[in-house]
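Letter by letter, the chains look like this.
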Amino acid sequence: MKADRDRMPKHVAIIMDGNGRWAKSKGVPRLMGHRAGMEAMKRIVDYSDKLGIKYLTVYAFSTENWKRSVEEVSGIFKLLVTFVNRDLRELIDNNVKVKVLGDYSAIPDDSRKALEKTLKDTERNTGLQFNIALNYGGRDEITRSTQRIAKMAAEGRINPEDVTEETIGKYLWTGAEYADAPDPELIIRTSGEVRLSNFLLWQGAYSEIVISDVLWPDFDEEEYERCIAEYQSRDRRFGGR
Ligand code: FPP
């Protein structure tokens, strides 16, 4: 099924789930599932750009993912370095701007440095904005925003009555100070799971959620179009009539 090119969402966010199950189904180590997941991620970045989507956000590592084994966690970050080193040139050539949602100061040094280089080398690009949610948690970012605002109030720099939804949104990772991205119209979750798992809790208030049964490493251009077409077939009312 093809998506209507004239009614593309501006911002698509994806919960890339099912790497572990994909690996298990093939009888290979979990990390091979993440490696295949990285290739799927690359496919979807390229295709989002072709479809004219302006912002793509992927959930690569959550604040809860630290609970996984040390090998799995360090393996995922190594993959991040692989991706960045291998594909940076192409991202630059394709005019992709990379941003991180989350406090990435906590990730291993080599990954952080590779990532910083990517952010810097792509910051002037004006094409697709590719947001990687890393050490990201929805409740965590709302807490951080609240702390900033509480501090400003304590210092007398803002009146509590003047705190609006815009104020709270401004200090989230998608806010004007960081990635500066609009709310996603569409959130896709793969592998048939039907949960938000602490992803874009604030920004996703009115997002359409589309569930794909495909395991993330198998997610391809065709399934992506099907998800977008499903979104386009829905009637969005934002609580109105
Ligand atoms: C969810 O699958 C996937 C993740 C927690 C990691 C996502 C990472 C990648 C796609 C690799 C690219 C990485 C970076 C950092 C750019 P799961 O392991 O929860 O799968 P399961 O539910 O089947 O076990």
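Everything quoted here is computed from the prediction, not taken from an experiment.

Asker: Explain the packing of helix α1 (residues 19-26) against helix α2 (residues 30-51) here, please?
Answerer: Where α1 meets α2, the axes come as close as 7 Å, and the angle between the chain directions of the two elements is 120 degrees. With respect to their mutual orientation, α1 and α2 come out oblique. Considering only the axes of α1 and α2, their crossing is right-handed. Side by side, α1 and α2 meet where Asn19, Gly20, Trp22 and Ala23 of the first sit next to Arg30, Met32, Gly33, His34, Ala36 and Gly37 of the second. Here the contact of α1 with α2 is built from residues that sort into four nonpolar, five polar and one charged.

Asker: What am I meant to see in the site of the ligand here?
Answerer: What surrounds the ligand is a group of 17 residues, the closest being Asp17, Gly20, Arg21, Arg30 and Arg68. In the environment of the ligand, an oxygen atom lies 2.9 Å from a nitrogen or oxygen atom belonging to the side chain of Arg30. Arg68 is positioned such that a nitrogen or oxygen atom in its side chain is 2.8 Å from an oxygen atom of the ligand. When the ligand sits alone it has 630 Å² of accessible area, and the protein chains cover 91% of it. According to the grid-proximity analysis, the pocket containing the ligand is the largest pocket. Put simply, the parts of the chain that give the shell around the ligand at least two residues each are α1, α2 and α3 (70-93). Looking at the shell around the ligand element by element, the count peaks at five residues for α2. When its residues are assigned to classes, the shell around the ligand shows seven nonpolar, six polar and four charged.

Asker: Help me out: how do you make sense of the pairing of strand β1 (residues 11-15) in this one?
Answerer: Looking along a regular strand, one sees side chains alternate from face to face of the sheet. Of all five residues that make up β1, five are buried, and the element is covered over most of its length. The side-chain alternation of β1 yields two buried faces, one formed by His11, Ala13 and Ile15 and the other by Val12 and Ile14. Relative to strand β2 (residues 55-62), β1 runs parallel, the two sharing five bridges. Considered in β2, the bridge of Ala13 is made with Thr57. As paired strands, β1 and strand β5 (residues 186-189) are joined by four bridges and run parallel to one another. Across the sheet, residue Ile14 finds its bridge partner in β5, namely Ile188.

Asker: What exactly am I supposed to notice about the side chain of Thr167 here?
Answerer: Along the chain, Thr167 turns up in helix α6 (residues 165-170). We classify Thr167 as buried; its relative accessible area is 11%. A distance of 2.8 Å separates a polar atom in the side chain of Thr167 from the backbone nitrogen of Thr164. Setting aside chain neighbours within four positions, we find Thr167 in contact with Ser145, Ile149, Ile158 and Asp162.

Asker: What is the right way to look at the layout of surface pockets in this model?
Answerer: Which parts of space are left empty comes out when a probe the size of a water molecule is rolled across the atoms. Here the largest pocket defines a volume of roughly 690 Å³. What lines the largest pocket is a set of 30 residues, among which Met16, His34, Tyr59, Ala60 and Asn65 lie closest to the centre. Element by element, the count of residues in the lining of the largest pocket is highest for α2, at five residues. Among the residues making up the lining of the largest pocket, the classes are represented as 14 nonpolar, nine polar and seven charged. By volume, the second largest pocket is sized at about 340 Å³. Contributing to the lining of the second largest pocket are 19 residues, with Glu165, Gly169, Asp183, Trp202 and Gln203 lying nearest its centre. For the lining of the second largest pocket, the class distribution of residues is eight nonpolar, five polar and six charged.

Asker: What's the story with empty space enclosed by the protein in this structure? I'm lost.
Answerer: Here the structure, examined in full by the defined rule, presents one cavity of 30 Å³ or more. Here the largest cavity is characterised by a volume of approximately 30 Å³. What lines the largest cavity is Lys42, Val45, Asp46, Asp49, Glu90, Leu91, Asn94 and Val96. Those elements giving two or more residues to the lining of the largest cavity turn out to be α2 and α3. Per-element tally for the lining of the largest cavity: the top contributor is α2, with four residues.

The rules we used
- Residue positions are given per chain, counting from 1 as you read along its sequence in written order.
- pLDDT decides what is reported in this predicted model: residues at 70 or higher carry local features, side-chain atom pairs at 80 or more are listed and counted, and totals for whole chains, interfaces and linings draw on all residues regardless.
- The basis for the side-chain values is all heavy atoms of the structure; hydrogens and waters are excluded.
- Here an angle of 0 to 180 degrees is reported between the N-to-C directions of two axes, which are lines fitted to C-alpha atoms, with helices fitted over the stretch in contact.
- Put simply, DSSP H or I for four residues or longer makes a helix, DSSP E for two residues or longer makes a strand, and each gets a number counted from the N terminus.
- Relative orientations are named as follows: roughly parallel for angles under 35 degrees, roughly antiparallel for angles over 145 degrees, roughly perpendicular for angles from 65 to 115 degrees, and oblique for any other angle.
- Each crossing gets its handedness from the near helix: less than a right angle anticlockwise from the far helix is left-handed, clockwise is right-handed.
- Whether two residues are in contact is decided by their heavy atoms, any of which lying within 4.5 Å being enough.
- Residues are grouped as follows: Ala, Val, Leu, Ile, Met, Phe, Trp, Tyr, Cys and Pro are nonpolar; Asp, Glu, Lys and Arg are charged; every other residue, Gly included, is polar.
- The rule for a residue being near a molecule or strand is that one of its heavy atoms must lie within 4 Å of it.
- In the analysis that follows, any N or O atom pair within 3.5 Å is treated as a polar contact, provided that within protein one partner can donate a hydrogen and the other can accept it, and provided that, for residues neighboring in sequence, both atoms belong to side chains.
- Per-residue accessibility takes into account occlusion by the displayed protein chains alone, with areas from the Shrake-Rupley method and a 1.4 Å probe.
- Using protein atoms alone on a 1 Å grid, points that fit a 1.4 Å probe yet trap it form a cavity, whereas open point sets bounded by protein on both sides within 12 Å along at least five of seven lines form a pocket; residues with an atom within 4 Å of a point count as lining.
- More than half of a molecule's atoms lying within 2 Å of a cavity's or pocket's grid points is what places that molecule inside it.
- Think of it in three bands: residues with accessible area under 20% of the maximum for their type are buried, residues over 50% are exposed, and the middle band is partly exposed, with areas taken using a 1.4 Å probe on protein chains only.
- Two strands qualify as a pair provided that DSSP identifies no fewer than 2 bridges between them.
- Grid points are joined across faces, edges and corners, and a volume is the space filled by probe spheres set on the points.

Everything listed is a geometric property; what it means functionally is a separate question.
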